Amino acid sequence: MNIMEPEGIKKQAYDEIETALNSADLEAVRLKYLGRKQGKITLALKELAGMSVDEKRKNGPFLQQLKSDIESAISFREKEIGEKGAVIDVTLPPKKIEVGHLGLITQAEDEIRRIFEGMNFSVIDGPEIEEEKYNFDSLNIPADHPAREMWDTFWLKTEGKKKYLLRTHTSPVQIRYMERHEPPFQIISPGRVFRYEATDATHETNFHQLEGLMIGKDISLANFKFVIEEFFRRFFAGKTVKVRFRSSYFPFVEPGVEVDVKLDNAKWLEMGGAGMVHPNVLEAVKYDPREWQGFAFGFGIERLVMVKYGVPDTRMFMSGDLKFIKKF
Ligand code: FA5
C-alpha cells in the first residue's frame, strides 16, 4: 500500500463496505484491509516500524485513524445488513408511542375557567413581573405597612422610580382591571405567583393562585358564599362540600375571611383568603365606595388540586417526576 494515499484507500474501502451484500462480503473486505497477515492497513502499519522517527510521526496517526474509520464503517454496515435481513413479524404489537399531555395544574386551570365562565365570569390575564405599586401600594399596603411581611418577595431591578418584583399573589390583577373598566363586572384571573420562602408539603416558591373579583351595587359576602359554594360543588363534583368562613385580615378587604373546605368526611382545609373590597382600594381606582361594592378572593390552585386528587405534597407538581405526571 502506498501510505501516501490514504484518502484513495479510504474511499475504495468505503465503496466496498457499502456494496457488501452479506456478512461474507463484509468479512472479505475486512480481511482485505484489516486482516492480520495480508490486510493492507496492517501491512502499512508494519512498514512503519522500519521508518525514521519523523516519518513515523507523520504517518502513524492517520494510519491509526484510517484503521478505526474502516472498523466503524464495517460494524455500521454489519448492523444494516442484519436489520434488513431480519425476519419481520407483522403480528407483533407496535412500539407504544408516548404522547405528552397538559400538566395537572394546567388541566385544573382550564376546568376552573370553564366553571366560572358558566357563571358569567370573564377570565383575565395579568403580568408575572409586576410593579410594586400594583402588588402592594394600590392594594392598601404602603411601603412601611407591616402586612408586607405576609408576602416574602423576590425583588427585581429598579428602573427609574419604578420598583419591580415577581408578583407574590394574583391580587394586582384586580387593580389593573378596575383601572380600565367600569363596574358592574365579575372576573377571575388564574396564574403563576412567586414567594421567597422555605418549601414544605404545602408551600412552594412558585405556585398558582385563582383570583376572583365581583363589583356591583348591593354585592355582599352572601353573594360570595353562593358563588364559591357553587364553584366548589362543580369542581369537586360528586363530593359533599361544606364551606366555612373564618375571620381573617388582608389589608385590601374589610371584613376579611379565610375560606375552609370540608369534603365528605375529611378534615377542614384552608383554600384561600377573601373579603369585601376595602374602600381605600376602590378609591385608588376612582370608584365611589358608597355606590360600588364587591368581593374578592384568592385561592391556591395547587391546594384545590391536592384536595381533589389526593396529592400529598405540593412540591410534586414541579418535580418533573414522570410517574406522577403520567397518572393524570
Ligand atoms: C393572598 O395571597 C391574598 N392575595 C388572597 C386574597 C385575595 C385575600 C383577595 C382577600 C382577597 P395568602 O397569602 O393567604 O393570601 O395566599 C392565598 C392562598 O394561596 C393560601 O390560602 C394558599 O392556598 C395559597 N398559598 C399561599 N402560599 C403558598 C405557597 N407558598 N405554596 C402554595 N400555596 C400557597
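The model shown is predicted, which means the values in this text are computed figures rather than measured ones.

Draft legend 1. Geometry of the site of the ligand. Around the ligand sit 25 residues in total, of which His169, Arg195, Glu197, Glu204 and Glu270 are the nearest. Note that a nitrogen atom of the ligand is positioned 2.9 Å from one of the side-chain N or O atoms of His169. At 2.5 Å, a side-chain N or O of Glu197 approaches a nitrogen atom of the ligand. Breaking the shell around the ligand down by element, the ones donating at least two residues are β6 (206-216), β9 (269-277) and β10 (293-300). In terms of residue count, the dominant contributor to the shell around the ligand is β9 (five residues). When the residues that make up the shell around the ligand are grouped by side-chain class, the tally is nine nonpolar, 10 polar and six charged.

Draft legend 2. Looking closely at the domain arrangement of the protein. By domain assignment, the protein separates into domain 1 (6-84) and domain 2 (104-327). Distance from the C-alpha centre of domain 1 to the C-alpha centre of domain 2: 70 Å.

Draft legend 3. How the structure looks around the sheet that holds strand β2 (residues 129-131). With respect to topology, three strands assemble into an open sheet ordered β2-β4-β3, the strand pairing being antiparallel. What marks the edges here is a single partner per strand, and that holds for β2 and β3 (155-159). Averaged over all pairs of adjacent strands, the angle between strand axes in this sheet comes to 30°, irrespective of strand direction. Relative to strand β4 (residues 162-166), β2 is paired through three bridges, and the arrangement is antiparallel. When the bridges of β4 are listed, Glu130 appears paired with Leu165.

Draft legend 4. Just the pairing of strand β5 (residues 185-194), in detail. Of all 10 residues that make up β5, nine are buried, and the element is covered over most of its length. Alignment of β5 against β6, held across 10 bridges, turns out to be antiparallel. Along β6, the bridge assignment pairs Pro190 with Leu210.

Draft legend 5. Expanded view of the packing of helix α5 (residues 104-118) against helix α8 (residues 221-235). Packing of α5 against α8 leaves a shortest axis separation of 10 Å and a crossing angle of 130°. Considered as vectors, α5 and α8 are oriented oblique to each other. As α5 packs across α8, the resulting crossing turns out to be right-handed. Of the residues in α8, those in contact with Ala108, Glu111, Ile112, Ile115, Phe116 and Gly118 of α5 are Val227, Phe231, Arg234 and Phe235.

Draft legend 6. Structural view of the environment of Asn59. Among the structural elements, Asn59 can be located in helix α4 (residues 53-85). By relative accessible area, which is 3% here, Asn59 ends up buried. Considered as a pair, Asn59 and Leu45 are 14 residues apart in the sequence and their alpha carbons are 9.0 Å apart.

Draft legend 7. Expanded view of the pairing of strand β8 (residues 253-263). Counting buried positions along β8 gives nine out of 11 residues, so the element sits mostly inside the fold. Two strands pair when backbone bridges link them, and strand β7 (residues 241-248) and β8 are joined in this way by eight bridges, in the antiparallel orientation. The residue bridging Ser248 from the neighbouring strand is Gly256, located in β8. Between β7 and β8, which follow one another and run antiparallel, lie four residues. With seven bridges connecting them, β8 and β9 associate as antiparallel partners. Residue pairing in the sheet places Val259 in a bridge with Gly272 of β9. Between the antiparallel neighbours β8 and β9 lie five residues, among them Asp264 with a positive phi of about 45°.

Draft legend 8. Spotlight on the sheet that holds β9. As summarised here, the arrangement of the seven strands in space is β1-β5-β6-β10-β9-β8-β7, forming an open sheet in which the pairing is mixed. Two strands bound the open sheet, and with one partner strand each, they are β1 (122-123) and β7. As paired strands, β6 and β10 are joined by eight bridges and run antiparallel to one another. Opposite Ile215, over in β10, you have Gly294 as the bridge partner. Most of the contacts of helix α10 (residues 301-309) go to β10, to which it runs at about 60°, and overall it touches β5, β6, β8, β9 and β10.

Draft legend 9. Focus on the environment of Thr153. Tracing the backbone through its elements, the reader meets Thr153 in the loop between α6 (132-135) and β3. With a relative accessible area of 13%, Thr153 lands in the buried category. In sequence terms Thr153 and Phe194 are 41 residues apart; their C-alpha atoms lie 7.5 Å from each other. Those residues in contact with Thr153 that sit more than four places away from it in its chain are Phe136, Leu165, Thr168 and Tyr196.

Draft legend 10. Representation of the nonpolar core. Grouped together as the largest cluster of nonpolar side chains are 37 residues, with contacts concentrated most on Ile112, Phe116, Phe231, Phe232, Phe297, Phe299 and Leu304. Those elements that place two or more of their residues in this core are α5, β6, α8, β8, β9, β10 and α10. Trp151, Leu165, Val253 and Val285 belong to the second largest nonpolar core, which has 26 residues in total.

Reading the values: rules and limits
Residues numbered from 1 in each chain as written. Predicted model: local features only at pLDDT ≥ 70, side-chain atom pairs only at ≥ 80, totals over all residues. Heavy atoms only, no water. Near = heavy atom within 4 Å. Polar contact = N/O pair within 3.5 Å; in protein donor to acceptor, adjacent residues only side chain to side chain. Helix = DSSP H or I, 4+ residues; strand = E, 2+ residues; numbered from the N terminus. Nonpolar A, V, L, I, M, F, W, Y, C, P; charged D, E, K, R; others polar. Domains from an automatic or database assignment. Pairing = 2+ DSSP bridges. Axes fitted to C-alpha atoms, helices over the stretch in contact; angles between N-to-C directions. Buried < 20%, exposed > 50% of the residue type's maximum accessible area, 1.4 Å probe, protein only. Parallel < 35°, antiparallel > 145°, perpendicular 65-115°, else oblique. Left-handed = near helix turned anticlockwise from the far one by under 90°. Contact = heavy atoms within 4.5 Å. Core = buried A, V, L, I, M, F, W, Y, C linked by side-chain atoms within 4.5 Å.

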